[in-house]
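Next come the chains, spelled out residue by residue.
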Amino acid sequence: MSARNHAQWTAAPKLKAGEWVDSRIYSDQAIFEEELQKIWKRSWIPVCHESELKNAYDFRTMTIAREPVIVVRGNDMKVRAFLNVCPHRGNMIERRPSGSFKRGTPSGTPKHMTCMFHAWQFDMKGRCAYISRCEEGYQKRLRKEDVGLRKLNCEVYFGGFVWVCLDDDIDMTVEQWAAGALDVLSPSLNAEPLEIFHYHKAIIPCNYKLWHDTNCEFYHDYLHYHNRITGFNDAYFARKNSGFKNGHINVGSFEVQYDQYEGFESREALSFPHLPPNHWYMIDMFPGVNFNLRGSALRCDLMTPLAADKVMIEFRGLGLASDTPQQRRTRIDHHNSIWGPFGRNLHEDLLAVTAQGACMHQAAENRRILHGRHENQTIHDENGMRHYYEEWGRWLNRLPSDPDRAFADGAGGRAAVARDAERELALEEA
Amino acid sequence: MSVNYAETKEAVKSLIYQACLYQDDLNWDAWLKLCDADFQYRICAYSPEIQADMIYLSGGLEDMRSLTGMLSKHNSDHSPLRRHCVAYQVTVAEDGRSAESVSSVTVFQTQLDGINSHVDAGESRLFLVGRYHDKFSINGGDIKFTERTARLDTRRLDKGSHWPI
Ligand code: FES
Ligand SMILES: [Fe+2]
């Protein structure tokens, strides 16, 4: 077929329902707002790693679906999460990205979270400990017992990641939420304490799902010289993509030939516990989290969707807490030579999704985005993305290939197939 | 042999600026020729998020040679970078055989192909700010970089870069 006219270009592709999506899911602000409410506020999100709050009274701040969140370590060493919002006049209580409440602040006493605005203070369990001039202003109408912080579900799980969920009614632990997707790496990550050594972030003008898709599909090895030269062999193409409940996937391992890339070395000497030398596992969790272990270094991506066409991605690198300084240096080098802001692969991935974003900005014309490769669920199969969008469709009750239609209509594929046929017919008639 | 500190300082400054010009022009071979055989390169930043010093990129002379030599095999943002650099402090060792310097550096990026080129190409944006901490060996008139640490203040590098700073 030659190049296509507009009708042909916008027609349903010759693939089955579920093998493509409508680009509106990457560009429509109304769908985006719905995703924040229905997905991001109801999912377990690994907001940071416990090594970012080593000591009692340490804290980290972040946002989930625009809601300010603070994670603190109590005197009992327990990690708890709260909304980082003052119950008085709604100020953000803590403005720093990280720190310790051990020392006092200009408006507050040590060992308390203090809202600088009118100096209300809270303890590490989220209880209000002090209201300035309380009796004078509130008499007996409002007491500090009435104005505790909003506590959030919080669990430390999977090698020490701190998971938070905004939904009080979530009926799953993180383990149940992961539904087995984390099992391939659990022995390696849980064997001994991990420690963060790298953090950087990127704000990219594209929808968050485009980044997640890129993490879920390996067909884009063609983007990365490094992957092709160190990867392509029979064992590589046999790597399995597996889907799990709740929209998660993982990708099986093989032995990477690092020495095939000039200037790179084997990672064997620094393999994570229980990991065969130079092996590489990848886990992608719904709705926008990635764990990526290349032999000696663990990477974790967390997406924070900012708008339909804007995402913040936080990149973390972790090693073993027991590393000697020399081992740590080598791990950092292994991690950043590929995945750092000046690494070989990350820059390429970010360039690609930026260019996708340029074609799928808000109100861009709808296009068909193909997720239709079948290769026996191995590395270049696109079943990972298909698995994700099936879950996405269920949560929003929208059909990814036609987001104005209910997912239920198209779930079995019958309605969507009928509609494809209708479209094709219309096209032929035209 | 007596050391002419003032002259050596000026020579060190010229070397720093020459390196910037070569790097701006992606003339990596010429840049690396200004470096000693045991040259160490590093891009560092401090993260207030994890309260740790980070190394974003590091390598010796040979590492930097292969890294720059492989660039053509990679997909990169080719938007030119321009370094604006001022050597604030140059200290020449008493024996005149080494020197150290601290420079302030600002890097601007003029958009080319990293985004929608039709709209954005030609626009210059601030890419990063930071400092160069450099070390030099001096053998008579021959001055070479032995160390370059680009210490960045900017930590939101977004798409990042394949090029040494
Ligand atoms: S807004 Fe926090 S004390 Fe008033
Ligand atoms: Fe990639």
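Criteria and thresholds
- Residues numbered from 1 in each chain as written.
- Chains lettered and ligands numbered in written order.
- Predicted model: local features only at pLDDT ≥ 70, side-chain atom pairs only at ≥ 80, totals over all residues.
- Helix = DSSP H or I, 4+ residues; strand = E, 2+ residues; numbered from the N terminus.
- Rg over C-alpha atoms; globule rule 2.2 N^0.38 Å.
- Buried ≥ 20, exposed ≤ 12 C-beta atoms within 10 Å, placed from the backbone.
- Contact = placed C-beta atoms within 7 Å.
- Nonpolar A, V, L, I, M, F, W, Y, C, P; charged D, E, K, R; others polar.
- Core = buried A, V, L, I, M, F, W, Y, C linked by C-beta atoms within 7 Å.
- Domains from an automatic or database assignment.
- Pairing = 2+ DSSP bridges.
- Axes fitted to C-alpha atoms, helices over the stretch in contact; angles between N-to-C directions.
- Parallel < 35°, antiparallel > 145°, perpendicular 65-115°, else oblique.
- Left-handed = near helix turned anticlockwise from the far one by under 90°.
- Expected span 1.5 Å × (residues − 1).

**Considerations on the overall build of chain A**
- Helices and strands together make up the secondary structure of chain A, namely 13 helices and 19 strands.
- Rg of the C-alpha trace for chain A: 24 Å, near the compact-globule value of 22 Å for 430 residues, within the 12% margin.
- On the principal axes, the C-alpha backbone points of chain A span a range of 80 × 55 × 35 Å.
- The buried share of chain A, taken over its 430 residues, is 49%.
- Long-range pairs, those at least 24 residues apart, make up 64% of the contacts in chain A between residues at least 6 apart in sequence.

**Notes on the interface of chain B and chain A**
- Contacts between chain B and chain A engage 32 residues on the former and 30 residues on the latter.
- For the side of chain B that touches chain A, the secondary structure elements donating two or more residues are strand 1 (35-47), strand 2 (52-60) and helix 3 (61-69) of chain B.
- In terms of residue count, strand 2 of chain B provides more of the side of chain B that touches chain A than any other element does, six residues in total.
- In terms of residue class, the side of chain B that touches chain A is made up of 12 nonpolar, 12 polar and eight charged.

**Considering the nonpolar core**
- Judged by nonpolar contacts, the single largest core of 104 residues is most densely connected at A:Val47, A:Val69, A:Val71, A:Val162, A:Trp163 and A:Val164.
- Of all the elements, strand 12 (residues 194-204) of chain A adds the most residues to this core, at six residues.
- Each residue touching A:Val69, except ones within four places of it in the same chain, is listed here: A:Val47, A:Thr61, A:Met62, A:Thr63, A:Ile64, A:Ala81, A:Leu83, A:Asn84, A:Leu152 and A:Val164.
- Membership of the second largest hydrophobic core comes to 33 residues, among which are B:Tyr41, B:Ala45, B:Met54 and B:Ala87.

**Observations regarding the domain arrangement of chain A**
Residue and element names in this part refer to chain A.
- On domain assignment, one finds that chain A holds domain 1 (1-44 + 181-430) and domain 2 (45-155).
- Computed from C-alpha coordinates alone, the two centres of domain 1 and domain 2 are separated by 35 Å.
- Contacts between the two partners involve 15 residues from domain 1 and, on the opposite side, nine residues from domain 2.
- Of all the elements in the fold, those that place two or more residues in the side of domain 1 that touches domain 2 are strand 12, strand 17 (297-307) and strand 18 (310-320).
- Within the side of domain 1 that touches domain 2, the residues separate by chemical class into 10 nonpolar, two polar and three charged.

**Let's talk about the pairing of strand 16 (residues 289-294) of chain A**
Residue and element names in this part refer to chain A.
- Of all six residues in strand 16, six are buried; the element is thus mostly enclosed.
- Relative to strand 16, strand 15 (residues 280-285) runs antiparallel, the two sharing six bridges. The residue of strand 16 that forms the bridge with Ile283 is Phe291.
- With antiparallel pairing between neighbouring strands as the criterion, strand 15 and strand 16 make up a hairpin whose turn holds three residues.
- As paired strands, strand 16 and strand 17 are joined by six bridges and run antiparallel to one another. When the sheet's bridge partners are listed, Phe291 is paired in strand 17 with Cys300.

**Some thoughts on the sheet that holds strand 6 (residues 142-152) of chain B**
Residue and element names in this part refer to chain B.
- A sheet is described by the order of its strands in space; here six strands give the open sequence 2-1-6-5-4-3, paired in mixed fashion. Strand pairing shows two members of the sheet lacking a second neighbour, strand 2 and strand 3 (81-92), which therefore form its edges. Averaged over all pairs of adjacent strands, the angle between their axes in this sheet comes to 20 degrees, without regard to strand direction.
- As paired elements, strand 4 (residues 98-110) and strand 5 (residues 124-139) share 13 bridges and run antiparallel to each other. Residue pairing in the sheet places Ser103 in a bridge with Tyr132 of strand 5.

**Here's the deal with the sheet that holds strand 10 (residues 151-157) of chain A**
All names here are of chain A.
- Taken in spatial order, the seven strands of this open sheet run 2-11-10-5-4-3-6, and their pairing is antiparallel. Edge positions in the sheet fall to strand 2 (45-49) and strand 6 (98-100), since each of these pairs with one other strand and no more. Strand after strand, the sheet turns through a mean of 30 degrees between neighbouring axes, direction not considered.
- Here strand 10 pairs with strand 11 (residues 161-165) via five bridges, running antiparallel. Bridge pairing links Val156 to Val162 in strand 11.

**A look at the packing of helix 6 (residues 208-216) of chain A against helix 11 (residues 383-396) of chain A**
Residue and element names in this part refer to chain A.
- Here helix 6 crosses helix 11 at 140 degrees, and the two axes come no closer than 8 Å. Put simply, helix 6 runs oblique to helix 11. The handedness of the crossing between helix 6 and helix 11 is right-handed. The segment helix 6 lies against helix 11, with His212, Asp213 and Cys216 engaging Gly384, Met385 and Tyr388.
- Split into classes, the residues belonging to the contact of helix 6 with helix 11 amount to three nonpolar, two polar and one charged.

**Describing unusual backbone geometry**
Residues and elements named next belong to chain A.
- With an omega of 0 degrees, the peptide bond between Phe286 and Pro287 qualifies as cis.
- Take Pro287: it is sitting in the loop between strand 15 and strand 16.
- One non-glycine residue, Lys111, lies in the positive phi region at around 65 degrees.
- Judged by local crowding, Lys111 falls into the partly exposed class, with 18 C-beta atoms found within 10 Å.

**Things to note about helix 9 (residues 325-339) of chain A**
- In this model, helix 9 of chain A (15 residues) spans 20 Å end to end at C-alpha, consistent with the 21 Å of a helix rising 1.5 Å per residue.
- The set of residues buried in helix 9 of chain A consists of A:Arg331, A:Ile332, A:Asp333, A:His334, A:His335, A:Asn336, A:Ser337, A:Ile338 and A:Trp339.

**Things to note about the environment of A:Arg24**
All names here are of chain A.
- Topologically, Arg24 is positioned in the loop between strand 1 (20-22) and helix 2 (29-38).
- On the neighbour-count criterion, Arg24 (23 C-beta atoms within 10 Å) is buried.
- Counting along the chain gives 338 residues from Arg24 to Gln362, while the straight-line C-alpha distance between them is 8.4 Å.
- The residues contacting Arg24, other than those within four sequence positions of it, are Ile31, Asn366 and Pro403.

**Regarding the packing of helix 9 of chain A against helix 10 (residues 344-359) of chain A**
All names here are of chain A.
- Where helix 9 contacts helix 10, the axes come no closer than 3 Å and their chain directions differ by 30 degrees. One way to sum up the angle between helix 9 and helix 10 is to call them roughly parallel. Where helix 9 approaches helix 10, its residues Ser337, Ile338 and Trp339 are matched on the opposing element by Arg344, Asn345 and Leu346.
- Class assignment for the residues of the contact of helix 9 with helix 10 results in three nonpolar, two polar and one charged.

**What about the pairing of strand 1 of chain B?**
All names here are of chain B.
- Where strand 1 lies against strand 6, seven bridges are found, and the strand directions are parallel. Across the sheet, residue Cys44 finds its bridge partner in strand 6, namely Arg151.
- Note that strand 1 and strand 2 share eight bridges and pair antiparallel. Looking across to strand 2, one finds that Gln40 is bridged to Gly60.

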